[in-house]
Amino acid sequence: MQTVLTTLFFHHDLRLVALAAVICALSAFAGISLLGHAQKIGPGRMRTVWLAIAAGSVGFGVWATHFVGMLAFAIGMPTGYDLWMTLLSLALAIVVTGAGFWVATVGNRRSDKALGGAIVGIGIAGMHYVGMVALMIGGNIVWDSTLVASSLILAIVFGAAALLSASLGTGVKSHLGGTVLLTIAICAMHFTGMGAAGLQNCYAIVSAADATPQHLALAVAVGSIMVLLTALMALRLDLRDEKRTALEGHRMRGLADAAVEGLMVCLDDTIVTVNASFRALVGQDDAEVTGQPLSAYFDSATCSALLARHNVAVEADLMGPNGVSVPVEVILREVDYGGKPHHVVAVRDLSARRQAEQHIRFLAHHDALTGLPNRASFNRHLESEIALATRQGQSFAVLCLDLDRFKEVNDLFGHPAGDVLLRRVGQSLLSSIGDKAFAARIGGDEFSVIIPDIGSPARAGRIAERILDGFRDANRDAADGTMISASIGISLFPDNADDPQHLVTHADTALYRAKHDGRGIYRFFETEMGTAVRERRLMENDLRHAISRQELHLVYQPQVDIASGLVTGFEALVRWSHPRQGQISPNVFIPVAEESGLIMQIGEWVLLTACEEAASWTSPLSIAVNVSAVQMQSAQLPEMIAETLRKTGLAPERLEIEITETALVRDIARALISLRQIKALGVRIAMDDFGTGYSSLANLRAFPFDKIKIDQSFIKSVDSNEQSAAIVRAVLGLGAGLKLPVVAEGIERLEELDFLRGETCGEAQGFLLSRPAAISTFAHITEGRETTIEGLGWDIPTPLRVVS
């Protein structure tokens, strides 16, 4: 050790030693950095290129360190260097260092890294001693074998430690550690080797003029530093390009992973990489998919079709997670990937589309709400059933069902509740008819059932009864208060008809009869039903156009104060003048209007027309308008009345709404709300036909009535029928006690009028006083020109005068 230190400090130019150390450190840093870069690159040409650059730059740097160190050595005589041996030492440094780097790079174990470092150390030592041979001096160098061995050991140990340290991580600390150790390996080996050289017996053989000048050290140093900096600059540029490429790769992979379609990049039929969507489709990660052949996920026919036809979409089944096939659409295109031609396969999941197509096909033949077959499916099944029954000589039944008062369910509970009710109907229907029968929802609240091979009509009746019983059972389990009630019409093949149209028409006719007979029941088709139902439907159809064709008109009947003879107002009554049938009684067409829902349109027209007429009168007489039970169930009735008053300008106190008790009992809570809203407008409310239907004293107390109208059935023969007289007296007494005026309807005889006058009845109307007529008939009354009704020609004992 003392010899080495003496040689270093007393026989070297320390300035050149420092320069050599700088070159050594820079060389070591370049070597470790270039080696690390080469190790990151996968096997291939570029790895070889970077290993060659590392070997060349580091080998040259190690040789430059040795050469500058040799020039720093003061032998005490002129010296020179053999060119070819010097070049051989440089080549040896490059080749052996490259070999060590290659071993450290291709090997994966730590021992491989240490072995590579040891080879580098051998290269450093070999370069040194070959360089010493290039020294041109006379005599023989006496070598200290111990120091020679020590120099070799130092180079090998620190070289192995340098590459091993550099391989332990990718951070700055690992690189700096490797750089320091490799620098120690080079420097320790060189100066130990110089200490091992005994030059006591050597003499000069080169003249001073031919000796290698020391300033050549500076040139070698600059050259080596330039080489090393160039290599490091190349490394930096390559790292920058790699980073940019990596960022671009990450961006492209991000875009690929963002794609909805699955993407595979393949080399021939081998999968190289896939995106996240494809991994999700097959339920595997990158490691499981990469390297697999296409046949691992597609059948051989699909693979052949893809490879044979580029840019052509192919529908196939993809083997998904747990062996479950996924319907997909696959298309293959050529791409450049990593500088080589590859195939990119786009895989689009068709599961959602297939489900949507299946759902569309289902909806084409089924009702979306209940899941039952629709009208089109029913018609096809009916035709098939007719053909089958004809071939086999069988009979079958067609049942048409219609829910009773379904519109009221929607009005009272809302359409969502109505939808729930329809689903309950469908479920109950399927459970009642059995597996062989066919049920369908035709539309709205209409359903149809085909019962094959009934044998006898009685079986069809039993099934219809079972359906109605099923509805009753479903009502007991209903939590929302909605109740199922239906009427059923039945037609039979071939007894009633042998074609689809007439079978359905006849079942529909029987359904109308069931509704007419009381609802919640079933009826078989009978021949005589057809005529009545057809006439009723024709009337309904004509009634739909009656308003637009101006076939409806109003007539007015005066209401008279019995005590004073004053005309207090008029009741507006609707009439229908049919173009073919003439005058049709309200008792005939009003029920049809209520059943069909046309009463809403007709009632609105009657109210508007009557109010417009009353608003034009000079005398402020009242106008009474009837409101049907169907209108009372509408939440829009108060709003419609308010809008009518606004449009016509009629004072609210002049309008009187007449309502029967039957209209109230369907939904007492709603009726009470509506009547209170109407009352708040200032409109008066009269209970019509009191004494019939659901007469209740509680209703008189609960509802805000302003007047009671005694039904004409009690007025007829009231003077001779003790029971009628007792009822009329009771009602009059009730009215007096509740301070409600009482109006007697249907007075046709003078004796009836005298009875009512004697019982102090307030008002009356009827044929005896005036038949309903056009308002023009009463122009002298509405204009205030007449003060009595005598001018009309009826012989009434007490003159009746107009209210002024």
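Small disclaimer: the values here were computed from a predicted structure and weren't measured.

**Some words on the packing of aromatic side chains**
Using the criterion set out here, one finds 8 aromatic pairs in the structure. Note on Trp576 and Phe589: the rings are 5.6 Å apart at their centroids and 85 degrees apart in plane angle, and the pair reads as edge-to-face. Taken as a pair, Trp576 in strand E16 (residues 567-578) and Phe589 in helix H19 (residues 586-596) lie far apart in primary sequence, 13 residues in all. Site record: aromatic cluster; members linked through ring pairs are Tyr556, Phe570, Trp617 and Phe778.

**Quick notes on the pairing of strand E21 (residues 707-710)**
Along any regular strand, the residues point their side chains to alternate faces of the sheet. Along E21, one buried face is formed by Lys707 and Lys709 and the opposite face, lined by Ile708 and Ile710, is buried too. Of the pairings in the sheet, the one linking strand E20 (residues 684-690) to E21 comprises 3 bridges and is parallel in character. Counterpart to Ala686 in the pairing with E21 is Lys707.

**Things to note about the sheet that holds strand E10 (residues 396-403)**
Taken in spatial order, the 5 strands make up an open sheet running E11-E12-E10-E13-E14, and their pairing is mixed. The two strands at the open ends of the sheet, each matched to only one other strand, are strand E11 (438-443) and strand E14 (522-524). Within the sheet, the average angular offset between the axes of one strand and its neighbour, ignoring direction, is 20 degrees. Of the strand pairs in this sheet, E11 and strand E12 (residues 446-451) are connected by 5 bridges, and their pairing is antiparallel. Pairing of Ala440 across the sheet is with Ser448, part of E12. Along the sheet, helix H13 (residues 375-392) contacts E10, E11, E12 and strand E13 (486-493); its crossing angle with E11, the most-contacted strand, is approximately 140 degrees.

**Some thoughts on a nonpolar patch on the surface**
On the surface, a nonpolar cluster with roughly 370 Å² of combined accessible area is contributed by Leu83, Trp84 and Leu87. Here Leu83 falls in the exposed class, since its relative accessible area comes to 54%.

**Some details on the pattern of salt bridges**
For the structure shown, the criterion picks out 26 salt bridges. Residues Lys707 and Glu763 are paired through a salt bridge, measuring 3.5 Å at the closest nitrogen-oxygen approach. Taken as a pair, Lys707 in strand E21 and Glu763 in strand E23 (residues 763-764) lie far apart in primary sequence, 56 residues in all. On the basis of relative accessibility, which here comes to 5%, the residue Lys707 falls in the buried class. Sharing partners across several salt bridges, the network here consists of Glu315, Arg353, Arg354 and Glu357.

**Quick word on the side chain of Asp542**
Relative to the elements of secondary structure, Asp542 occurs in helix H18 (residues 527-544). Of the residues examined, Asp542 reaches a relative accessible area of 10% and is grouped as buried. Apart from the residues within four sequence positions on either side, Asp542 is in contact with Glu551, Trp576, His578 and Arg580.

**Structural notes on a positive patch on the surface**
Where like charges cluster on the molecular surface, the positive patch consists of Lys436, Arg459, Arg462 and Arg466. With respect to the helices and strands, Arg462 occurs in helix H16 (residues 457-476).

**Quick word on the nonpolar core**
Residues Ile623 and Leu655 are the most contacted members of the largest nonpolar core, which totals 79 residues. At 7 residues, the largest contribution of residues to this core is made by helix H20 (residues 599-615). Among the nonpolar cores identified, the runner-up in size contains 30 residues, and Leu422, Ala439, Ala460 and Ile490 belong to it.

**What about the sheet that holds strand E6 (residues 270-274)?**
One key point about sheets: their strands pair by backbone hydrogen bonds, in either a parallel or an antiparallel sense. Ordered in space as E6-E5-E9-E8-E7, the 5 strands form an open sheet in which the pairing is antiparallel. This sheet does not close on itself; its edge strands, each paired only once, are E6 and strand E7 (314-319). Taking the axes of each pair of neighbouring strands and ignoring which way they run, one obtains an average angle of 40 degrees across the sheet. The sheet contact formed by E7 and strand E8 (residues 325-337) spans 6 bridges and is antiparallel. Note that in E8 the partner of Val314 across the bridge is Val330. Across the sheet, helix H11 (residues 300-308) is in contact with E7, E8 and strand E9 (340-349); its angle to E8 comes to roughly 30 degrees. Sitting on the sheet, helix H12 (residues 351-365) touches E7, E8 and E9, and the angle it makes with E8 is about 140 degrees.

**Comments concerning unusual backbone geometry**
Outside of glycine, negative phi angles account for most residues, and trans bonds account for most peptide bonds. A cis amide bond links Phe493 to the next residue, Pro494, at an omega of 0 degrees. Structurally, Pro494 is set in the loop between E13 and helix H17 (500-516). A positive phi angle is found at Asp453, which is not glycine, with a value near 45 degrees. Here Asp453 shows up in the loop between E12 and H16. Judged by its relative accessible area of 43%, Asp453 is partly exposed. Look at Ser717: it is not a glycine, yet its phi comes out positive at around 60 degrees. In this structure, Ser717 sits in the loop between helix H26 (712-715) and helix H27 (722-737). In this structure Ser717 comes out as partly exposed when scored by relative accessible area, which is 28%.

**A closer look at the environment of Ala276**
Relative to the helices and strands, Ala276 is located in helix H9 (residues 276-282). Separated by 13 residues in the primary sequence, Ala276 and Leu263 have C-alpha atoms spaced 8.3 Å apart.

**Examining the packing of H20 against helix H22 (residues 637-648)**
Where H20 meets H22, the closest approach of the two axes is 9 Å, and the angle between their N-to-C directions is 35 degrees. In the crossing of H20 with H22, the sense of the turn from one axis to the other is right-handed. Across the interface between the two elements, Glu604, Leu607, Leu608, Cys611, Glu612 and Ala615 of H20 pack against Met640, Ile641, Thr644 and Thr648 of H22.

**Structural notes on helix H15 (residues 415-433)**
Its 19 residues place the ends of H15 27 Å apart at the C-alpha level, agreeing with the 27 Å of an ideal helix rising 1.5 Å per residue. Contacts made by the buried residues of H15 are with E10, helix H14 (406-413), E11, E12 and H16. Of the residues flanking the end of H15, it is Gly434, one or two places downstream, whose phi is positive at about 90 degrees.

**Quick word on the confidence of the model for the protein**
For the protein, mean pLDDT is 79; residues scoring 70 or higher make up 78% of the total. Across residues 7-11, where pLDDT falls below 50, the model places 12 contacts with residues more than four positions away in sequence or in other chains. Every residue in residues 791-804 is under pLDDT 50, and counting partners more than four places away or in other chains gives 42 contacts.

**Examining the packing of H14 against H15**
H15 packs onto H14 with a crossing angle of 135 degrees between their chain directions and a minimal axis gap of 6 Å. Taken together, the axes of H14 and H15 are oblique relative to one another. Across the interface between the two elements, Phe406, Val409, Asn410 and Phe413 of H14 pack against His415, Ala417, Gly418, Leu421 and Leu422 of H15. Partitioning the contact of H14 with H15 into residue classes produces 6 nonpolar, 3 polar and no charged.

What counts and how
- Along every chain, residues carry numbers that run from 1 in the direction the sequence is written.
- Thresholds applied to this predicted model are a pLDDT of at least 70 for local features of residues and 80 or more for the giving and counting of side-chain atom pairs; totals over whole chains, interfaces and linings are not thresholded and use all residues.
- Here the side-chain values reflect all heavy atoms present in the structure, with hydrogen atoms and water set aside.
- What counts as a ring pair is set by centres within 6.5 Å for rings of Phe, Tyr and Trp (its six-membered ring), and what kind of pair is set by the plane angle: stacked under 30 degrees, edge-to-face over 60, tilted for all other angles.
- By the criteria applied, helices consist of DSSP H or I runs no shorter than four residues and strands consist of E runs no shorter than two, each listed in order from the N terminus.
- Buried residues are those whose accessible area, probed at 1.4 Å on protein chains only, stays under 20% of the maximum for their type, while exposed residues exceed 50% and partly exposed ones sit between those limits.
- Here the rule is simple: two strands pair whenever DSSP picks up at least two bridges between them.
- Axes, fitted as lines to C-alpha atoms, cover a helix only where it is in contact. Angles between the N-to-C directions of the axes lie from 0 to 180 degrees.
- Contacts are assigned to residue pairs that have any heavy atoms within 4.5 Å of one another.
- Patches here: salt-bridge-free residues with over 30% relative accessible area, like charges joined within 9 Å, nonpolar side chains (Val, Leu, Ile, Met, Phe, Trp, Tyr) joined within 5 Å.
- Under the convention used here, a 1.4 Å probe and the Shrake-Rupley method define accessible areas, while residue burial counts only the protein chains that appear.
- Salt bridges are identified by distance alone: a Lys or Arg side-chain nitrogen within 4 Å of an Asp or Glu carboxyl oxygen.
- By the counting scheme adopted, Arg and Lys are positive, Glu and Asp are negative, and His together with the chain ends is not counted.
- Throughout, a charge is located at the NZ atom of Lys, the CZ atom of Arg, the CG atom of Asp or the CD atom of Glu.
- Residues grouped as a nonpolar core are buried Ala, Val, Leu, Ile, Met, Phe, Trp, Tyr and Cys residues, joined through side-chain atoms within 4.5 Å.
- In this scheme the handedness of a crossing depends on how the near helix is turned from the far one: anticlockwise by less than a right angle means left-handed, clockwise means right-handed.
- A helix is expected to span 1.5 Å for every residue after the first.
- For every residue, the predictor reports its confidence as pLDDT, a number between 0 and 100.
- An angle counts as roughly parallel when it lies under 35 degrees, as roughly antiparallel when it exceeds 145, as roughly perpendicular when it falls between 65 and 115, and as oblique in every other case.
- Each residue is assigned to one of three groups, with Ala, Val, Leu, Ile, Met, Phe, Trp, Tyr, Cys and Pro labelled nonpolar, Asp, Glu, Lys and Arg labelled charged, and all others, Gly among them, labelled polar.

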